[in-house]
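Here are the chains, one letter per residue:
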Amino acid sequence: MRQPLFVGNWKMHHTILETKAYFENFLRLLLKHDFSDRTISIAPPFTSLFYAHSLIKETPIKLSAQNAHFAEKGAFTGEISPFMLKELGVEYVILGHSERRHLFGEGDELIQKRVEGVYKAGLIPILCVGETLNERNEEKTFERVETQIKRALAGLQNPDPEKIVIAYEPVWAIGTGINATPSQAEDVHVFIRKLLEDLYDKERAKKIRILYGGSVTPENVSELMKEPNIDGVLVGGASLDPEKFFKICSINI
Ligand code: PGA
């Protein structure tokens, strides 16, 4: 019922030339198979979006962006509007990523506006949430995730459940090589699903995809995806290599 979603987040990696080489490899591997039972997306840096779109527009791969402003246009130096992204063929937008929160000081209020602006522009927000190691050690994981989700979704009253995605990304697992175990992740995913039921209703909550992110690799992805509430993965480091990302996207589901 929830179609699995695999998203590669390149972060600040790959020039235009590297983007070209990447997709040559990735498409060569991917297009030999029928992956109509899953959605595969890549989030290159803004500078590669236009070119990436020209390479994948005839393929099933969806284009994602790594952030977006909430307004259509305006005096917001350094920001990119959701409408500009739409023009480039973007369909998904990663929002509230831990690096945006912790390295660039984005707070819940700003993230809420971004989620609302992106959703209203017809793009699909991938809202990232997750606790730090300290918060986990202090048993504040659920509390943290609940606050982040409630605040970020405050502007969306009755959203189309197929048009929002949540990504649970424990901060301690991002880029560290230490992934959450499948059961640690599943516990939080179950909690998030329940929270979505309370915020909306059971039917909607059932349809919202909840991804796991944090040190996902070709080696651990299958075990993670076996959990009933893990509906896909958000992959950083391992998505930079087309062969590795292909291995992740092509697992048996
Ligand atoms: P990672 O990053 O896979 O390199 O841990 C995940 C993410 O930041 O989304």
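For the structure itself, consult the block above.
Structure report, in brief.

Cut-offs applied
Residues numbered from 1 in each chain as written. Predicted model: local features only at pLDDT ≥ 70, side-chain atom pairs only at ≥ 80, totals over all residues. Heavy atoms only, no water. Helix = DSSP H or I, 4+ residues; strand = E, 2+ residues; numbered from the N terminus. Rg over C-alpha atoms; globule rule 2.2 N^0.38 Å. Buried < 20%, exposed > 50% of the residue type's maximum accessible area, 1.4 Å probe, protein only. Contact = heavy atoms within 4.5 Å. Areas by Shrake-Rupley, 256 points an atom, 1.4 Å probe, with all protein chains shown as cover. Lys, Arg positive; Asp, Glu negative; His and termini not counted. Charge placed at Lys NZ, Arg CZ, Asp CG, Glu CD. Pairing = 2+ DSSP bridges. Axes fitted to C-alpha atoms, helices over the stretch in contact; angles between N-to-C directions. Near = heavy atom within 4 Å. Polar contact = N/O pair within 3.5 Å; in protein donor to acceptor, adjacent residues only side chain to side chain. Nonpolar A, V, L, I, M, F, W, Y, C, P; charged D, E, K, R; others polar. Core = buried A, V, L, I, M, F, W, Y, C linked by side-chain atoms within 4.5 Å. Expected span 1.5 Å × (residues − 1). Arc of directions from axis to C-beta. Left-handed = near helix turned anticlockwise from the far one by under 90°. Phe/Tyr/Trp six-rings, centres within 6.5 Å; stacked < 30°, edge-to-face > 60°. Lys NZ or Arg CZ within 6 Å of the ring centre and 35° of its normal.

Moving on: the overall build of the protein chain. Assigned secondary structure in the protein chain consists of 11 helices and 8 strands. Its C-alpha radius of gyration of 17 Å places the protein chain within 12% of the 18 Å reference for a compact globule of 253 residues. Considering the protein chain as a whole, with its 253 residues, one finds that 53% of them fall into the buried category. Excluding contacts between residues fewer than 6 apart, the proportion of contacts in the protein chain whose partners are at least 24 apart in sequence is 72%. For the protein chain, the exposed area adds up to about 11800 Å²; of that, 52% sits on carbon and sulfur atoms. On the protein chain, the mean spot of the 31 positive side-chain charges and the mean spot of the 35 negative ones are 3 Å from each other.

What follows deals with the sheet that holds strand 7 (residues 209–213). Ordered by their spatial adjacency, 8 strands build a closed barrel running 1-2-3-4-5-6-7-8, and the pairing between neighbours is parallel. Here the strands of the sheet are splayed against their neighbours by 25 degrees on average, with no regard to which way each runs. Sheet analysis places strand 5 (residues 124–129) next to strand 6 (residues 165–168), joined by 4 bridges and oriented parallel. Bridge pairing in strand 6 places Ile126 opposite Val165. Against the sheet, helix 5 (residues 108–120) contacts strand 4 (90–95) and strand 5, and its axis sits at roughly 160 degrees relative to strand 5.

So, on to the site of the ligand. Near the ligand you find 13 residues, and of these Lys11, His97, Glu169, Gly175 and Ser215 are the closest. Taking His97, its side chain carries an N or O atom lying 2.6 Å from an oxygen atom of the ligand. Separating an oxygen atom of the ligand from a side-chain N or O atom of Glu169 is a distance of 2.6 Å. About the coverage of the ligand: the protein hides 95% of its 280 Å² of free accessible area. Broken down by class, the residue content of the shell around the ligand amounts to 4 nonpolar, 7 polar and 2 charged.

Tracing the backbone shows His97 in the loop between strand 4 and helix 4 (98–103). On the basis of relative accessibility, which here comes to 5%, the residue His97 falls in the buried class. In contact with His97, other than residues within four places in its own chain, are Asn9, Lys11, Cys128, Glu169 and Ile174.

Turning to the nonpolar core, a few remarks are in order. Membership of the largest hydrophobic core comes to 62 residues, with the highest contact counts inside it found for Phe23, Phe26, Ile166 and Ile192. Setting aside its immediate chain neighbours within four residues, Phe23 contacts Trp10, Arg28, Ile42, Ala52, Leu55, Ile56 and Ile61. Counting 12 residues, the second largest nonpolar core, distinct from the first, contains Leu5, Cys128, Val165 and Leu234.

Here helix 7 (residues 141–152) spans 17 Å end to end across 12 residues, near enough to the 16 Å set by a 1.5 Å rise per residue. Three or more residues of helix 7 are buried, namely Thr141, Val145, Gln148, Ile149 and Ala152. Seen along its axis, helix 7 keeps its buried residues to an arc of 95 degrees; they face one direction. Residues of helix 7 that are buried make contact with helix 4, helix 5, strand 5, helix 6 (133–137), strand 6 and helix 8 (182–199).

Time to look at the packing of helix 1 (residues 16–30) against helix 11 (residues 242–249). Where helix 1 meets helix 11, the axes come as close as 9 Å, and the angle between the chain directions of the two elements is 35 degrees. Our pair here, helix 1 against helix 11, has a crossing hand that is right-handed. Contacts between helix 1 and helix 11 pair Tyr22, Asn25, Phe26, Leu29 and Leu30 from the former with Pro242, Glu243, Phe245, Phe246 and Cys249 from the latter. Split into classes, the residues belonging to the contact of helix 1 with helix 11 amount to 8 nonpolar, 1 polar and 1 charged.

Although it is not a glycine, His14 sits at a positive phi angle of roughly 80 degrees. Within the secondary structure, His14 is located in the loop between strand 1 (5–9) and helix 1.

Per the stated rule, a full pass over the model turns up 9 aromatic pairs. Aromatic side chains Phe142 and Phe191 sit 4.5 Å apart centroid to centroid with 15 degrees between the ring planes, which places their arrangement in the stacked category. Of this pair, Phe142 sits in helix 7 while Phe191 sits in helix 8, placing them 49 residues apart in sequence. Grouped by ring-pair contacts, the aromatic residues Trp10, Tyr22, Phe23, Phe26 and Phe245 constitute a single cluster. Taking NZ or CZ as reference, Arg100 lies 4.2 Å from the ring centre of Phe104, over its face.

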